[in-house]
Amino acid sequence: VEKVSNYDENFTKRLSKSYLVNTTSNDIWSVCSFTDYMCDAITHFISLLIALCILLFYNVYIGLIVLVFNALYLYLLGSCQKKKDYYLTGQRKQQDKVAEMFAQTLDGTKEIKSFDMYEKLNEYLEINKKNWSKQYFLKRKYWDISKVILPMLIMAAKVITYLIVI
């Protein structure tokens, strides 16, 4: 009852609407894609255990090599994910700033025209655009590593392991 009676009706004035919309849509997407990520992780973990058991029974040294490569893969994948999430947060902050600037521009078009604020708005937009691009490409770098380079590392390790077994 206390939470309802002390409800702050002006919370949307302290938080921008663009921030609320972007945060809500990103949270919904994260919740919806969680099960997909969990299924992928469980499948990879089960296949790792099966391959490790087979290779350990066949040859202990090959099994240990596979274990080291998979542990390295999981460690690098986790660190890439942390970096990707960090830069994605920065990218979203810049996106929120740009969306908020556009909302304010739409609300104050008369003031912008009368005070000739186009130059300052363009400078502000360029700064946010550069910051967004920087965050995006740093995030993309770690995404590429986790989706391209690390699976290639695992495939190369599997090919080498199969060649040794044969």
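Look a little higher up for the structure.
Right, let's walk through the structure included here. As the structure is a computational prediction, the values presented were derived from the model and not from experiment.

### Details of the overall build of the protein chain
- Counting secondary structure elements, the protein chain contains six helices and zero strands.
- Secondary structure of the protein chain in N-to-C order comes out as α-α-α-α-α-α.
- For the protein chain, buried positions account for 20% of its 166 residues.
- Within the protein chain, contacts between residues at least 6 apart in sequence are counted, and of these 74% link residues at least 24 apart.

### As for the nonpolar core
- Core analysis: the largest hydrophobic core is formed by six residues, namely Tyr73, Cys80, Tyr87, Tyr142, Leu150 and Ile154.
- Looking at this core, the elements with two or more residues in it are α4 (60–107) and α6 (118–165).
- Ignoring anything within four residues of it in the chain, the contact list for Cys80 reads Tyr142, Ile145, Ser146 and Leu150.

### Digging into the side chain of Ser146
- Along the chain, Ser146 turns up in helix α6.
- Judged by its relative accessible area of 7%, Ser146 falls in the buried class.
- Looking at Ser146, its side chain comes within polar contact range of the main-chain oxygen of Trp143, at 3.0 Å.
- Once residues within four sequence positions are removed from consideration, Ser146 is found in contact with Leu77, Cys80 and Pro151.

### Overview of the packing of α4 against α6
- Relative to each other, α4 and α6 sit at 165°, their axes nearing to 8 Å. One way to sum up the angle between α4 and α6 is to call them roughly antiparallel. Considering how the two elements wind past one another, α4 and α6 form a crossing that is left-handed.

### Focus: the pattern of salt bridges
- Evaluation of the coordinates by the stated rule reveals one salt bridge.
- In this structure, Arg140 and Asp144 form a salt bridge, with 3.2 Å as the shortest nitrogen-oxygen distance. In this pair, Arg140 and Asp144 are both assigned in helix α6, four residues apart and thus about one turn of the helix distant.
- Overall, the relative accessible area of 33% leaves Arg140 in the partly exposed class.
- The exposure class of Asp144 is partly exposed, given its relative accessible area of 28%.

### Re α6
- The end-to-end C-alpha distance of α6, which contains 48 residues, comes to 68 Å, matching closely the 70 Å that a straight helix rising 1.5 Å per residue would cover.
- Of all the bends found along α6, the most pronounced is centred on Ile145 and spans about 35°.
- Leu121, Asn128, Gln135, Lys139, Tyr142, Ser146, Leu150, Ile154, Ala157 and Thr161 are the residues of α6 that are buried.

### As for α4
- Taking 1.5 Å per residue as the helical rise, α4 with its 48 residues ought to reach 70 Å, and the 69 Å between its terminal C-alpha atoms agrees with that figure.
- The N-cap of α4, judged by a side-chain oxygen 3.1 Å from the amide nitrogen of Tyr61 a few residues on, is Asn59.

### Focus on the environment of Leu74
- The residue Leu74 is located in helix α4 in this model.
- Owing to a relative accessible area of 39%, Leu74 belongs among the partly exposed residues under this scheme.
- The spatial distance from the C-alpha of Leu74 to the C-alpha of Phe45 is 9.9 Å, given a sequence separation of 29 residues.
- Apart from the residues within four sequence positions on either side, Leu74 is in contact with His44 and Leu48.

Cut-offs applied
- Residues numbered from 1 in each chain as written.
- Predicted model: local features only at pLDDT ≥ 70, side-chain atom pairs only at ≥ 80, totals over all residues.
- Heavy atoms only, no water.
- Helix = DSSP H or I, 4+ residues; strand = E, 2+ residues; numbered from the N terminus.
- Buried < 20%, exposed > 50% of the residue type's maximum accessible area, 1.4 Å probe, protein only.
- Contact = heavy atoms within 4.5 Å.
- Core = buried A, V, L, I, M, F, W, Y, C linked by side-chain atoms within 4.5 Å.
- Polar contact = N/O pair within 3.5 Å; in protein donor to acceptor, adjacent residues only side chain to side chain.
- Axes fitted to C-alpha atoms, helices over the stretch in contact; angles between N-to-C directions.
- Parallel < 35°, antiparallel > 145°, perpendicular 65-115°, else oblique.
- Left-handed = near helix turned anticlockwise from the far one by under 90°.
- Salt bridge = Lys/Arg side-chain N within 4 Å of Asp/Glu carboxyl O.
- Expected span 1.5 Å × (residues − 1).
- Bend = angle between axes of the 7 residues up to and from the residue.

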